[in-house]
Amino acid sequence: LAIVFGSVTDLDPRSLLTGITIACHDIEDSTFVIEPLIREGGFYELHMMEERTYSIVFSATGHVPKRVLIELNGPTREQWERGFGINADISLFKTLSGVDADFGGEPFGICRFDPNTVQFEWDRAYSQAMRERHAAALKAYEAKPGKRK
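All values reported here derive from a predicted model rather than from experimental measurement.

### Description of the packing of aromatic side chains
The geometry of an aromatic ring pair comes down to the distance between the two centres and the angle between the two planes.
And then number 1: Scanning all chains against the criterion turns up seven aromatic pairs.
And then number 2: Ring centres 6.3 Å apart and planes at 45° place the aromatic pair Phe32 and Tyr54 in the tilted group. Of this pair, Phe32 sits in the loop between β3 (21–26) and β4 (33–34) while Tyr54 sits in strand β7 (residues 53–59), placing them 22 residues apart in sequence.
And then number 3: Residue classification places Tyr54 among the buried positions, given a relative accessible area of 0%.
And then number 4: Ring geometry for Phe84 against Phe120: centres 5.0 Å apart, planes inclined by 90°, an arrangement best described as edge-to-face.

Set out below in C-alpha cells:
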C-alpha cells in the first residue's frame, strides 16, 4: 500500500483551495482509476494498492492544472507490507491569458522508488527544471506590453 497525501493551495495568496478536483489513473490503462479522498480545506489522500505508474492531475476553477507522475515500481514484497507514505503538497496558480503554464500537460514532478533509501522520492532535478520553465513563462507574461506590474 502506498498513500499519496497532501494539500492543494493557491500559489498567490498562499491559502488552501476548496472545490478541488483530483483525477488519478494508470498511464497505460486509463480505465484503472483511483478515487481520491478529498477532505475539507484542500487536503486529500489517494490509496494505491498496485505497482503501476499513476498520473495525478490537480485542478481548481480559474487555476492552471498541475500533473505529477508516481512510479510505484521497485519495492520488495516485504517493503510493500510495511507500506509507504508519499507527501505531495501542490500549489496551483491562477490561469493567465496567453500563457501556456501547463506545458502541454507535462508532469510537474515525478516520484520514484529509491532502493538506497527504501523510500519513494521526488526527482528534484526534474522538478527544478520545471520550476525554471514556469518562472520563465511568468517572466515573459510580466514583460508583455500593457501588462501592469
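### Remarks on the pattern of salt bridges
And then number 1: In total, this model carries seven salt bridges according to the counting rule given.
And then number 2: Where Arg39 meets Glu45, a salt bridge forms, and the shortest distance between an N and an O atom there is 3.2 Å.
And then number 3: Members of the salt-bridge network, linked through shared partners, are Asp26, Glu50 and Arg52.

What counts as what
Per chain, residues are indexed from 1 in the order of the written sequence. Since the coordinates come from a predicted model, pLDDT governs what is reported: local features require at least 70, and pairs of side-chain atoms require 80 or more to be given and counted, while whole-chain, interface and lining totals use all residues. Values reported for side chains reflect all heavy atoms of the structure, with hydrogen atoms and water molecules removed beforehand. Between the rings of Phe, Tyr and Trp (Trp by its six-membered ring), a pair exists once the centres lie within 6.5 Å; its type follows the angle of the planes, with under 30 degrees stacked, over 60 edge-to-face, and the other angles tilted. Numbered from the N terminus, helices here are DSSP runs of H or I no shorter than four residues, and strands are runs of E no shorter than two. Partly exposed residues are those whose accessible area sits between 20% and 50% of the maximum for their type, while under 20% is buried and over 50% is exposed, using a 1.4 Å probe and protein chains only. Definition used for salt bridges: Asp or Glu carboxyl oxygen within 4 Å of a side-chain nitrogen of Lys or Arg.

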